[in-house]
Amino acid sequence: MTTSTAGPLTRAAGLTSGQLPRFSEPIGVVIALVISAGIIALLAPFNIALWLVLTAVLYLVGIGVASTIVENRRKATDRVVRGLVTSAFVLAVAPLISTLWTVVSQGIGVLSWSFITQTGGTKFDPDTLSVVATPGALQAVVGTLIITGIAALISVPIGILTAVYLVEYAQPNNPLRRMITFLVDVMTGIPSIVAGLFAFSLFSLIVGPKAFSGFSASIALCVLMIPIVVRSTEEMLRLVPSELREASLALGVPRSTTIVKIVLRTAASGIVTGVVLAVARVVGETAPIFIAASFTDNFNANPFDGPMQTLPVMAYTAYSFPGQDIAASQAQSWGAALLLVILVVIFNLIARIVATMFAPKSR
Amino acid sequence: MADAATTTTSPSRSLIGKRRASDTVFLGLSTGSAISIMVILAGVAIFLIIQGLPAITANWSSNQDLAAIHNPLGNGWSSFWAYVAPLLWGSLWSAVIAMILGAPVAIGIALFISHYAPRRLAGLLGYIVDLLAAVPSIVFGLWGIIVIRPFLLPLSQFLNEYFGWIPLFSGQVTSTGSTMLAGGVVLAVMILPIVTSITREIFLQTPRLHEEAALALGATRWEMIRLSVLPYARSGMVSATLLGLGRALGETMAIALIISPALLFSVQLLTDGYNSQTIAANIALNFPISSGIQRSALIGTGLMLFVVSLAVNMLARYIIAATGPGAKGRKKKGKRS
């Protein structure tokens with residue numbers, strides 16, 4: 001009796017190797033946090049980045065050594081890699097939080113209703129012989145909306161129709177289709193400043209050397225926006241079940257009606273989401289607008305005549321080429337940057353809402 | 001346009017039977033917009049060439065305007081190529097630094113989201129990384145100025161003091177922080193989302209049976225990844241990195257705002273005045289203050305940037321298409337297993 005119970009026990013002890021306790025990893029992180037906080041408090045002024053880096057190093061070394069002693073080399077490697085990969089993710093989130101925090105904390109003091117509703121800039125006051133800077137971004141808000149709006153008006157139809165051609169009409173081995181797919185890929189890689197140079201070159205051939213206009217900037221943005229719209233629309237059209245198309249065609253519905261009434265309608269929410277996200281992407285482009293529409297402090301709502309101010313360009317020029325009052329210029333810059341981020345967040349929220357509210361159930 | 005329309009519809013004619021007016025119009029419209037993409041891309045190349053060619057072919061040593069453009073050394077440029085070469089070097093150098101700093105982190109993040117994070121959280125975490133792509137580049141530039149520059153100062157001084165014998169860290173150490181290193185770090189942050197999203201997608205396509213087989217043989221999670229996921233995704237990781245490189249090449253504002261540049265060949269990372277200028281930042285800084293033939297020279301450099309980033313992107317796409325896992329039917333394969 002005694003031997004039969006002792007047998008499996010000793011065998012089990014031989015088969016299972018040592019193992020770290022269950023929650024050793026989170027506990028290890030906490031211990032590393034505390035120890036590194038202690039080291040930094042003793043040796044150097046507190047610095048959150050240094051703290052996190054030291055924690056990561058301490059944790060990785062500690063878990064590696066502990067696991068090698070208690071478990072084995074293979075498990076130790078596994079745990080160290082897990083720690084490394086997790087810290088890579090933390091490393092990516094840190095700049096995101098830091099960026100948003102910086103923009104909000106720097107810009108929130110500037111932002112007010114009058115900042116949005118009045119034209120800003122510096123004006124020479126002839127009575128006092130001084131230069132007065134008024135905070136305001138109305139000209140940039142209007143310019144951004146006009147330029148992005150025109151760009152969207154041009155590139156959305158072209159993008160959606162191209163996607164329809166690629167998915168609905170062209171056969172998979174059609175050379176034109178393969179060519180277009182390839183070119184769309186290439187187009188996503190065009191540097192944004194090159195798009196701006198293209199628009200400037202085009203318009204300076206047509207209008208002459210003073211070719212800056214909002215419309216020219218819209219053309220530059222189109223070059224960047226069309227491939228994004230094509231890609232997202234294509235993806236959405238491919239999700240539409242082919243049974244729907246076949247059923248419609250079998251009823252004798254013409255192909256164009258099938259596409260408009262069945263395919264596009266089914267994919268509508270996805271397409272709208274993609275378009276809104278594309279708008280959010282190009283609304284923050286600085287370089288092409290800077291080249292094609294230049295910059296100005298004056299209010300200009302005519303996209304076909306003269307330079308036009310936009311939010312990203314305003315953030316750039318106010319910082320890089322400040323006026324006499326440098327603090328005021330930088331405040332303008334941060335205000336514009338914060339407005340831009342808010343605009344991008346709004347577009348992203350719209351995309352999210354459209355995607356969740358109008359999603360077809362079949363997906 | 002009409003040619004293309006007839007050639008593309010001939011196979012589907014049997015489905016439609018008789019052609020209606022609305023069909024023809026719609027087909028014409030969609031084919032037309034597909035072709036317009038070719039026209040636009042050709043237009044980009046043609047107009048850049050038209051505007052850039054005068055400066056590329058001009059005699060730079062005899063032309064006062066051209067000899068004078070932003071020349072740090074005082075002696076004129078001998079030709080367009082002498083002018084564009086240091087700029088091209090700067091673009092490539094900054095992009096490579098960004099890639100070296102960014103790509104390993106990006107691949108780590110992709111691995112974390114695809115294979116380590118709890119399944120329920122994975123979507124949310126992916127969305128957070130995608131948010132990085134939504135932040136406008138100008139905001140990253142401003143953030144780089146007031147956060148990253150001072151943040152890297154102690155590190156720069158440390159590296160210069162103890163590793164100054166390495167050419168990378170040599171030279172007069174910065175006092176403002178407007179270094180190539182700071183620019184590279186910000187660029188690295190900006191290419192994180194694109195590299196992450198592509199590699200993540202490919203990691204997720206690893207056949208489940210490969211992973212389960214490795215785990216069933218007693219492999220730890222890391223051994224499973226090393227044996228089944230990484231070999232499967234190798235070409236995908238390479239091309240994602242190249243696409244990130246292409247993105248970094250064309251990035252303008254971060255570099256224009258952060259580094260204090262000079263038109264010369266330099267590998268020094270920690271100095272103020274010896275950072276190689278990039279093509280894109282050079283255009284952004286000098287375009288408003290130049291005119292005539294100088295603008296043409298800037299457009300010429302833009303053409304060079306266009307060619308280089310086109311080449312990088314095509315190479316990346318080629319690697320995906322030719323040597324990617326399962327080359328053609330990759331998606332289908334992933335779903336089936």
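Residues numbered from 1 in each chain as written. Chains lettered and ligands numbered in written order. Predicted model: local features only at pLDDT ≥ 70, side-chain atom pairs only at ≥ 80, totals over all residues.

**Focus on the overall build of chain B**
Helix and strand counts for chain B come out as 14 helices and two strands. Considering chain B as a whole, with its 337 residues, one finds that 50% of them fall into the buried category. For chain B, contacts bridging at least 24 residues in sequence account for 78% of all contacts bridging at least 6. (Helix = DSSP H or I, 4+ residues; strand = E, 2+ residues; numbered from the N terminus. Buried ≥ 20, exposed ≤ 12 C-beta atoms within 10 Å, placed from the backbone. Contact = placed C-beta atoms within 7 Å.)

**Observations concerning the packing of helix α7 (residues 137–163) of chain B against helix α8 (residues 180–204) of chain B**
All names here are of chain B. Put simply, α7 and α8 touch, their axes get as near as 8 Å, and they point 130 degrees apart. Overall, the two elements α7 and α8 adopt an arrangement that is oblique. For the crossing formed where α7 meets α8, the hand is right-handed. Every residue of α8 that contacts α7 at Ser 137, Phe 140, Gly 144, Ile 148, Arg 149, Leu 152 and Ser 156 is listed here: Leu 181, Ala 182, Val 185, Val 186, Val 189 and Met 190. Here the contact of α7 with α8 is built from residues that sort into nine nonpolar, three polar and one charged. (Axes fitted to C-alpha atoms, helices over the stretch in contact; angles between N-to-C directions. Parallel < 35°, antiparallel > 145°, perpendicular 65-115°, else oblique. Left-handed = near helix turned anticlockwise from the far one by under 90°. Nonpolar A, V, L, I, M, F, W, Y, C, P; charged D, E, K, R; others polar.)

**Some words on the nonpolar core**
The biggest cluster of nonpolar side chains holds 195 residues, and the ones touching the most others in it are Phe198(A), Ala315(A) and Ala337(A). Of the residues forming this core, the biggest block, 19 residues, is contributed by helix α5 (residues 80–116) of chain B. (Core = buried A, V, L, I, M, F, W, Y, C linked by C-beta atoms within 7 Å.)

**What about helix α12 (residues 268–283) of chain A?**
When the terminal C-alpha atoms of α12(A) are compared, their 22 Å separation across 16 residues agrees well with the 22 Å that a helix rising 1.5 Å per residue should span. With 12 of 16 residues buried, α12(A) is to be regarded as a mostly interior element. Regarding α12(A), the residues found buried are Gly270(A), Ile271(A), Thr273(A), Gly274(A), Val275(A), Val276(A), Leu277(A), Ala278(A), Val279(A), Ala280(A), Val282(A) and Val283(A). Contacts from the buried residues of α12(A) go to α6 (138–169), α9 (214–239) and α15 (326–357) of chain A together with α6 (119–134) of chain B. (Expected span 1.5 Å × (residues − 1).)

**Quick look at the confidence of the model for chain B**
Keep in mind that low pLDDT regions are not for reading the predicted coordinates in detail. Residues and elements named next belong to chain B. For chain B, mean pLDDT is 82; residues scoring 70 or higher make up 87% of the total. In this model residues 1–13 is a low-confidence stretch, pLDDT under 50, and it forms 16 contacts with partners more than four residues away in sequence or in other chains. Note on residues 328–337: pLDDT is under 50 here. Beyond four places in sequence and across chains, it has eight contacts. Model confidence for the complex: the whole-complex pTM is 0.85, and ipTM, which rates the interface, is 0.85. (pLDDT = per-residue confidence, 0-100.)

**Let's talk about the domain arrangement of chain A**
Residue and element names in this part refer to chain A. We note that the domain assignment places domain 1 (16–107) and domain 2 (130–357) within chain A. A separation of 41 Å is found between the C-alpha centroids of domain 1 and domain 2. Of the residues lining the interface, four residues belong to domain 1; the matching set on domain 2 comes to five residues. For the side of domain 1 that touches domain 2, the class distribution of residues is two nonpolar, two polar and no charged. (Domains from an automatic or database assignment.)

**Regarding the environment of Arg82(A)**
All names here are of chain A. Within the secondary structure, Arg 82 is located in helix α4 (residues 73–107). With 20 C-beta atoms counted inside 10 Å, the residue Arg 82 sits in the buried group. Along the backbone, Arg 82 and Ala 66 are 16 residues apart, and their C-alpha atoms lie at a distance of 15 Å.

**Side note on the domain arrangement of chain B**
Interfaces are often sized by the amount of accessible area the parts lose when they come together. Examined at the domain level, chain B breaks down into domain 1 (2–57) and domain 2 (64–336). Between domain 1 of chain B and domain 2 of chain B, the contact holds seven residues from the first and 10 residues from the second.

**Considerations on α9(A)**
Residue and element names in this part refer to chain A. Look at α9: 37 Å from first C-alpha to last across 26 residues, which is about the 38 Å you get at 1.5 Å a residue. The axis of α9 is deflected most strongly, by about 35 degrees, at Leu 224, and proline Pro 227 appears within four residues downstream. With 22 of its 26 residues buried, α9 lies for the most part within the structure. (Bend = angle between axes of the 7 residues up to and from the residue.)

**Thoughts on the interface of chain B and chain A**
Opposite the 74 residues of chain B that make contact, chain A presents 75 residues. It is helix α3 (residues 21–57) of chain B that provides the largest number of residues to the side of chain B that touches chain A, a total of 19 residues. Within the side of chain B that touches chain A, the residues separate by chemical class into 53 nonpolar, 16 polar and five charged.

**Some remarks on the packing of α4(A) against α15(A)**
Residues and elements named next belong to chain A. Here α4 crosses α15 at 125 degrees, and the two axes come no closer than 8 Å. Between α4 and α15, the interaxial angle falls into the category oblique. With respect to the hand of their crossing, α4 and α15 are arranged in left-handed fashion. The residues of α15 that touch α4, namely those facing Val 103, Val 104, Gln 106 and Gly 107, are Trp 334, Gly 335, Ala 337, Leu 338 and Val 341.

**Some details on unusual backbone geometry**
Residues and elements named next belong to chain A. A positive phi angle is found at Ser 294, which is not glycine, with a value near 55 degrees. Of note, Ser 294 is situated in the loop between α13 (287–293) and α14 (311–320). Overall, Ser 294 belongs to the buried group, with 22 C-beta atoms counted inside 10 Å.

**Thoughts on the confidence of the model for chain A**
In this model, chain A carries a mean pLDDT of 84, and residues with pLDDT of at least 70 account for 90%. Low pLDDT (under 50) marks residues 1–11 of chain A, which in the prediction has zero contacts with non-local residues, meaning those over four places away or in another chain.

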